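Structure assessment
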Amino acid sequence: MFMLGAPKRRLLSQVSNIAERNAFRNDSNIRHSFKCNLAVMNDAWIKKSWLSTVKALSSYNQPIKILYASQTGTAKLFAHQLNDELASEYPDREVSISEWKDATPEEMLEPKKALHVFLTSVAGVGEPPDNGREFYNWIMKNSDTNLNGMEYVVFGLGSSAAHAAYYNVIGKSLDKRLEELGASRVMEIGLGDDGDCIEDDFDNWMEGFLNLLREKTSDDGEKEDVVLEDVIDDAAGKMDVIQQREQLQLHQIRHESESSARKDGLEDVRIKCPGVALSNDEMRMISNKFPSLVLRPRESELARKDLFHLNQLPDQYYACGTMSLNVIGNKILGVDAGETGIHELKLATPNMTYETGDHLVVYPQNSQCIVEAYLDMLDVDRHAIIAEHGQPISYPFPKGLTVYETLTHCVDLGALPSPSFARMIIGRKDLDYKAEVAYPRRTVLDLILQHGRRLSLEDLLFQVVPMKPRYYSIASSNVKHPNEIRLVYRRVKYVSKLGMLREGMCTNYLSHKGYLDTGKYAHIAAYVNTNSTFRLPKSVETPLLFIAGGCGVAPIRGLLEERVALAQNGKLGPATLYLGFRSPDDEVYRQRFEEAIKFGALTDAQISYSTGSANNSLVSDVVLKNGARVWKHFEEGGVTFLCGGARSFGAAIESAFLNIVQEHGKKDFVAAEQYLRTMIKNGRLMDDLAD
């Protein structure tokens, strides 16, 4: 039997798919026979049929461009999940994936040449993500662009619980703008809500998008079938009857075997892998969905504690500017705050520069016991090396690392599995993702153990959530501590609805970084993220209002530390602090606030507690109680800093501000919203909110 080149093999696959959809649809024997006929046709037939077939398949193979803008990595994750689904369902379709910043706007947009899929999140207060800002500003301002003939869909990512007024504003604005410029929307915009279950929102939208493509492909297929009818007839007449029967029997046996093996997507397909596989026969599982990885036998039992050795290499893992920082202090601040009390981490930064108000971005690692649990379920040596060469292009992590190092540094083993990954593990499609996975906070490990599934290394690494670096507000001032950075964090620890202990990925990692003052230090990998929109005003006389809750005290500590240093040079303008904690036991930094008042860096401070005191109250209640004073501060041109959690705290303070502007400013709701937007635009209302 002759061998076919890749383009010709794709052609035969496409022709076979078309045959299954039309006249052969109701007769499995004819369908199997036709596939066998294709497998032994001579090269002359392929050359004869090529021209008419390519013309018939042009619509079926319309390219798809996935274009994403992501601030924290979720939009990027979704973009790659969509790319994987398209690659699985349409292996012959041209699909590309890129960030908005990867090309000029003119290069990104190709009317009549591709279907454009846009995914974008919202950053800050209604701002585009950093890697999409240039394109977004261009398309919103450029009125000369003609996008007639360009088909597009949009999926936006936002949170109705944080900055509800700006929920998915970037995705909505982009969707509207593309239509204004002449582009054709082929599907209504999808809106993902991180305030509820954004994974489920995206999964439902993606299924709708795939159904749209299936319908379009089916419609195109009816046209293709007509063009290919003579090709099919020609093919059927070229086979010898005996040869047909032999090929049909072989195909039927193979078809039955594959159908049985693929019913749940987790069949035990194994390959020889000496020196890597743990089994006696040196065989290991591979995936039937994802390409196989090339593994090399171990070279050592030692595991790297960081990935700085990849710097300057094509697989560089850390962002530019990332450094290894010595931990020179790590303590819980409350006397009796319990397991989830607020901690302070002190880092030596002799070669790192920052400004007050910046963020430190930390690369966490998975807990060793969790890594061990996953390794125990795999059938490969933990120190086997994922080879530097020969890997599939779609492999998402650095090459040259061991399996152990990859699981420790590169993937988030505590994250929820995607809906498609969860369905694969559970083995059924009728999954209520919110009820069965998201709300109970079930991990990949939970599902594997419950359902007794076995996963290949490929099934895990191609579907698990990549590790994201975590952003922390710097709690110190470069004016006072140019060679040190302080972070404030609360260790996340709770029991899920199903009784499973859950710990925060990065806060748990940081809490285990000890300091003994012996000359030996623990290290973390981190870099400074400039936060230029969060700064003290240039004039020291400008009135200031600080509002914070819980760990939102971190940036406030840094700003007040700087004001104490500035007070040494002269009198400062008034500054008020409204600060809230869970309870009196949770309170931190009271002495620092008293010191700030003593030096004139702070005029007064009101500290409240949500529980455990005689007069429990939320910070938002304190703000409303002082509504007249807050309104006077707004009107006199004062600057306000808002710091804490985005979903509950930030939303509550925003609501309080709107009430104050309406009551004391005599404005309706719309005018009050515009008043706050103007404050933000003019740099008089700054926030550092996160969850």
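Provided above is the structure to which this section pertains.
Described in the following lines is the structure provided in the data block.

Quick look at helix 22 (residues 669-681) now. Note on helix geometry: an α-helix contains 3.6 residues per turn, so any two residues three or four positions apart are oriented the same way. The terminal C-alpha atoms of helix 22, which comprises 13 residues, lie 18 Å apart, in line with the 18 Å expected from a rise of 1.5 Å per residue. Turning to helix 22, its buried residues number three or more, namely Ala672, Glu673, Tyr675, Leu676 and Met679. Looking down the long axis of helix 22, one finds its buried residues gathered within 155° of arc, a one-sided arrangement. In helix 22, those exposed residues whose orientation departs by more than 90 degrees from the buried face are Val670 and Lys681.

Moving on, we get to the packing of helix 17 (residues 553-567) against helix 18 (residues 590-599). Viewed as axis vectors pointing N to C, helix 17 and helix 18 meet at an angle of 30°, and their least axial separation amounts to 10 Å. With respect to each other, helix 17 and helix 18 are oriented roughly parallel. Crossing geometry of helix 17 relative to helix 18 is assigned as left-handed. Between helix 17, through Val553, Arg557, Leu560, Glu561, Val564 and Ala567, and helix 18, the contact on the second element is made entirely by Arg592, Phe593, Ala596 and Phe599.

Tracing the backbone shows Met467 in the loop between helix 15 (457-461) and strand 14 (470-473). Residue Met467 is classed as buried on the basis of its relative accessible area of 8%. For the pair Met467 and Gln365, spaced 102 residues apart in the sequence, the C-alpha separation amounts to 8.2 Å. Beyond its immediate sequence surroundings of up to four residues, Met467 is in contact with Tyr317, Pro364, Gln365, Asn366, Thr408, His409, Cys410, Val411, Asp412 and Met505.

With that settled, the discussion passes to the side chain of Arg177. In this fold, Arg177 is placed in helix 7 (residues 169-180). Taking the relative accessible area as the measure of exposure, Arg177 reaches 11% and is therefore buried. Each residue touching Arg177, except ones within four places of it in the same chain, is listed here: Ile139, Met140, Lys141, Asn142 and Ser143.

Taken together, the buried positions of helix 21 (residues 646-665) are Ala646, Phe649, Gly650, Ile653, Glu654, Ala656, Phe657, Leu658, Ile660, Val661 and Gly665. In this structure, the buried residues of helix 21 make contact with strand 19 (544-549), helix 19 (619-625), helix 20 (627-635), strand 22 (639-644), helix 22 and strand 23 (685-689).

Considering all chains together, one arrives at 41 salt bridges under this definition. Close ionic contact of Arg304 with Glu405 constitutes a salt bridge, the shortest N to O distance being 3.0 Å. With Arg304 in the loop between strand 9 (295-296) and strand 10 (323-332) and Glu405 in helix 11 (residues 403-409), this residue pair connects regions lying 101 residues apart in the sequence. Under the relative-accessibility criterion, Arg304 is labelled partly exposed at 38%. For Glu405, a relative accessible area of 1% puts it in the buried group. For Glu344, the salt bridge goes to Arg557, with nearest N and O atoms at 3.7 Å. With Glu344 in strand 11 (residues 342-348) and Arg557 in helix 17, this residue pair connects regions lying 213 residues apart in the sequence. Note on Glu344: relative accessible area 9%, which makes it buried. Here Arg557 falls in the buried class, since its relative accessible area comes to 3%. Within this structure, Glu344, Glu484, Arg486, Arg557, Glu561 and Arg592 form a network of salt bridges that share partners.

On to the pairing of strand 18 (residues 523-529). Within strand 18, 6 of the 7 residues are buried, which leaves it mostly tucked inside the rest of the structure. Of the strand pairs in this sheet, strand 10 and strand 18 are connected by 4 bridges, and their pairing is antiparallel. Following the sheet pairing, Leu325 is matched in strand 18 by Ile524. Across 5 bridges, strand 12 (residues 359-363) lies against strand 18 in antiparallel orientation. Directly across from His359, in strand 18, lies its bridge partner Asn529.

This paragraph deals with the side chain of Asn83. The residue Asn83 is located in helix 4 (residues 74-89) in this model. By relative accessible area, Asn83 is classed as buried at 16%. Beyond its immediate stretch of four places on either side in the chain, Asn83 contacts Ile66, Val95 and Ile97.

Parameters and conventions
- Residues numbered from 1 in each chain as written.
- Predicted model: local features only at pLDDT ≥ 70, side-chain atom pairs only at ≥ 80, totals over all residues.
- Heavy atoms only, no water.
- Helix = DSSP H or I, 4+ residues; strand = E, 2+ residues; numbered from the N terminus.
- Expected span 1.5 Å × (residues − 1).
- Buried < 20%, exposed > 50% of the residue type's maximum accessible area, 1.4 Å probe, protein only.
- Arc of directions from axis to C-beta.
- Axes fitted to C-alpha atoms, helices over the stretch in contact; angles between N-to-C directions.
- Parallel < 35°, antiparallel > 145°, perpendicular 65-115°, else oblique.
- Left-handed = near helix turned anticlockwise from the far one by under 90°.
- Contact = heavy atoms within 4.5 Å.
- Salt bridge = Lys/Arg side-chain N within 4 Å of Asp/Glu carboxyl O.
- Pairing = 2+ DSSP bridges.

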